[in-house]
Amino acid sequence: MILLILVTLLSAAFANVWLSQQCRFLTYEISKLENSIRQERETSLRLEVETASLKSLTRIERIAMNQLELSTPTPEQIIELP
Amino acid sequence: MTAAHRKNRQRKGLMLRRNIVVTIMLACFVVILVRAYRLQVTESERLTGLALTEYSRKVTLLPRRGDIVDRRDRILASSVEVYSLYAEPRLIKEPKPIAAKLASLLNLDYLDTLEKLSSGKGFVWIKRKLPPHQKAEVLELNCRALGFLPESKRIYPNRDLAAHMLGFVGLDGNGLEGLELQYDQTLSGEKGHFQVYKDRLGRTVYRHGSPERFEYEGHRLVLTLDKTIQYRLENALRKAVIEQNATSGLAVMMDPWTGDVLAMSVQPSYDPNFFWKYSAARRRNRAVVDCFEPGSTMKVFTALLALENNLIRLDEPVYCENGNFRVGRHVVHDTHRYGWLTLPRIIQVSSNIGALKVGMRMEKAMLYDGLRRFRFGDLTGIDLPGETRGLLRGVTGWAEIDFAAICFGQGLSISPIQQISALSTIANGGLLVHPRVAKRVEDAHGNVIRRFESKPSQRVVSKKSTRLLTKMLKKVVESGGTGSSAALDGYSVAGKTGTAQKVDSKTRTYSKHTYVSSFMGFFPADKPAVVLLVMIDEPQKAVYGGLVAAPVFKTIAEQVIPYMGIKPDEVYLARKDIDSAAARPDEEPLESYASPIGEESEDPGVMPNLIGLDARSALNTLGNRKLDVKLIGSGIVVNQDPPPGACLESKQVSRLILGKE
């Protein structure tokens with residue numbers, strides 16, 4: 001009987017240690033993932049700003065006029081689609 | 001000694017040693033107990049606190065400043081995380097090599113850097129807000145005394161676009177100008193905090209109460225402004241300022257029904273990413289914080305108030321004194337010598353004398369109260385910092401010449417935003433609008449936190465008066481009016497030119513060389529979609545608003561009309577259909593308000609409109625009317641007396657002034 005109790009207690013102790021360890025490892029993992037999310041988010045924000053910068057109308061107009069040799073249409077050239 | 005006696009002595013010795021050991025052990029136990037009591041009970045809190053500092057840490061989350069976006073969700077201002085480099089000089093034994101490396105990597109001054117690293121302080125900034133590649137290069141130095149702290153950097157991806165409205169933030173992320181200042185609290189957010197527990201390697205093993213992003217981050221501000229309209233308006237204005245070699249220029253476009261500011265620009269502009277490179281004067285939003293004498297554009301409001309108070313009829317002639325009129329010790333001039341003019345003609349040709357004669361039919365208090373109703377001399381309440389009230393003195397301070405001058409736009413100062421708000425009132429049929437720049441505030445998840453609704457409009461003048469005035473303003477933009485360069489193909493425009501002399505700060509009199517040329521108007525005149533004000537300060541090539549500002553108005557209008565999908569006037573469309581079908585030549589007049597130019601009045605007792613006709617055509621038009629016609633000058637009819645629509649008497653003298661329009 002005493003042996004059974006001892007074995008149970010020992011098992012419970014090991015289980016407790018194992019669970020604590022698992023909990024710690026998972027927290028490490030969560031921490032890493034959170035850092036990674038934060039970095040990805042920062043990258044995403046940076047890219048959004050870069051996109052906005054590339055979409056700058058001054059830049060688009062410059063490329064359209066200088067590189068693609070486009071010009072502003074006259075009112076007669078504009079056809080409204082239904 | 002017997003064996004029994006020896007045994008007895010041994011037992012006593014044993015007892016003694018046992019008692020000593022027990023006593024020592026008891027003493028030790030008591031000491032341990034006391035110590036344990038002190039540790040566990042008396043000093044428990046202090047020691048728990050000490051232990052916590054070893055393995056727990058309070059993490060502060062720096063809020064990211066919220067974005068500013070236009071009405072179509074396009075980014076105008078955003079923030080990204082960057083790193084600032086600091087050093088701990090106390091830990092540096094040989095600062096010279098580190099200073100040399102940092103100076104070359106970060107383009108810093110070597111001596112300054114060396115001084116910082118040799119200061120022996122615990123903390124010094126080396127360089128704030130480094131680009132990512134510089135951070136990587138510094139990390140490669142592998143120096144224990146150098147570290148990085150995350151900071152937020154404000155970026156304006158469209159550079160100088162809408163710079164005066166957006167404003168900018170300082171190095172520490174506080175709004176210093178424009179919307180960044182006005183909505184600083186909303187945009188900046190609050191620091192977020194939570195607790196983490198660390199292991200001996202500094203890794204997080206448990207976290208407690210991490211806040212959600214939207215709880216601490218800055219909110220996003222959605223504006224009424226439209227990036228494309230803003231860009232087109234800025235381009236046209238910039239070109240005009242350069243062409244005219246003007247000191248500056250400004251333009252504001254507004255929705256007359258809601259007060260939404262669609263675009264606002266001051267040229268030359270500045271790049272808020274590098275705001276410190278520009279003077280404070282250049283960064284000032286002159287459309288809101290400065291005031292100007294409006295000049296002839298004020299005649300619109302004088303005429304409106306006279307109409308509202310039934311002080312003049314549209315066909316009633318007003319004698320314009322042939323261009324010179326004495327008011328007290330002063331003489332008021334017109335640019336042309338006008339005789340009799342009706343109110344529509346006064347507005348069309350922008351006669352100062354006509355405007356003051358119409359305006360002075362009112363009591364001083366009536367004019368003052370009327371102008372105050374348009375919020376001249378008061379704040380419009382626009383959500384931009386530093387708005388000026390302008391200058392409209394109380395009636396008691398008005399001399400006769402002040403009263404007269406105010407009628408045609410001198411002797412008072414108003415801000416461009418006051419002017420365009422007042423014009424919106426005419427465009428929308430008499431309702432006062434409250435200009436606004438911010439539309440709504442959203443959290444980091446896009447949930448609407450606050451909506452800035454258009455404030456309920458208050459009626460300032462009757463719809464009838466604004467309708468009549470709109471028809472007059474349409475004449476200004478037609479041939480023969482001062483603002484004909486603002487006319488648009490297919491769209492009716494109502495507008496008014498202004499050419500205001502500036503006050504010379506040295507002589508404190510009106511300068512004969514410096515002017516503010518302006519044009520304000522709205523289109524389509526009968527169903528206004530936008531109101532637009534253009535002002536050019538000190539143009540050098542021409543001075544009249546009709547020549548300087550009206551063409552800019554036209555350019556902007558032509559560019560935004562297709563973008564906004566504003567439909568042409570129905571009359572124009574109908575006319576286009578008729579033209580294309582080669583229909584009857586005697587088409588209907590475009591409007592019934594007044595006789596179109598040169599159209600013969602069928603009633604022989606009424607004077608027809610002869611403006612714009614040559615002498616022969618004018619005489620033919622007069623036909624059988626019994627008039628004593630006197631032709632003065634040569635060219636086309638630029639003025640006539642009696643005015644169009646006036647009742648004729650038998651053998652009345654009629655003067656037709658001919659000239660070049």
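Residues numbered from 1 in each chain as written. Chains lettered and ligands numbered in written order. Predicted model: local features only at pLDDT ≥ 70, side-chain atom pairs only at ≥ 80, totals over all residues.

Caption draft 1: Region of the structure containing the overall build of chain A. When its secondary structure is counted, chain A shows two helices and zero strands. Over its C-alpha atoms chain A spans a radius of gyration of 32 Å, topping by over 25% the 12 Å that the globule rule assigns to 82 residues. Overall size of chain A, expressed as C-alpha extent along the three principal axes, is 100 × 30 × 15 Å. Across the 82 residues that make up chain A, the buried fraction comes to 2%. (Helix = DSSP H or I, 4+ residues; strand = E, 2+ residues; numbered from the N terminus. Rg over C-alpha atoms; globule rule 2.2 N^0.38 Å. Buried ≥ 20, exposed ≤ 12 C-beta atoms within 10 Å, placed from the backbone.)

Caption draft 2: Quick peek at the nonpolar core. All names here are of chain B. In this structure, Ala251, Val252, Met253, Ala303, Leu532 and Phe553 are the most contacted members of the largest nonpolar core, which totals 129 residues. Per-domain counts for this core show at least three residues from each of domain 1 (60-223) and domain 2 (227-571). What Phe553 contacts, discounting residues up to four positions off in sequence, is Ala486, Gly495, Phe519, Gly521, Leu532 and Val534. Counting 12 residues, the second largest nonpolar core, distinct from the first, contains Tyr83, Ile98, Leu117 and Val138. (Core = buried A, V, L, I, M, F, W, Y, C linked by C-beta atoms within 7 Å. Domains from an automatic or database assignment. Contact = placed C-beta atoms within 7 Å.)

Caption draft 3: Region of interest: the sheet that holds strand E19 (residues 494-503) of chain B. All names here are of chain B. Taken in spatial order, the five strands of this open sheet run E10-E9-E21-E20-E19, and their pairing is antiparallel. Either end of the sheet is taken by a strand with one partner, and the two such strands are strand E10 (261-267) and E19. Adjacent strand axes in the sheet meet at a mean angle of 10 degrees when their direction is disregarded. Looking at chain direction, strand E9 (residues 248-254) and E10 are connected through six bridges and run antiparallel. In the sheet register, Gly249 faces E10, and the bridge partner there is Gln267. Here helix H18 (residues 416-427) sits on the sheet in contact with E9, strand E20 (510-523) and strand E21 (530-537), set at roughly 145 degrees to E21. (Pairing = 2+ DSSP bridges. Axes fitted to C-alpha atoms, helices over the stretch in contact; angles between N-to-C directions.)

Caption draft 4: Expanded view of the pairing of E20 of chain B. Residue and element names in this part refer to chain B. The pairing of E19 with E20 spans nine bridges and is antiparallel. Pairing of Gly498 across the sheet is with Ser518, part of E20. In textbook terms, the turn of a hairpin is the stretch between consecutive antiparallel strands, and for E19 and E20 this stretch comprises six residues, one of which, Arg508, has a positive phi near 55 degrees. Note: E20 against E21, eight bridges, orientation antiparallel. Within E21, the residue paired with Phe519 across the bridge is Val534.

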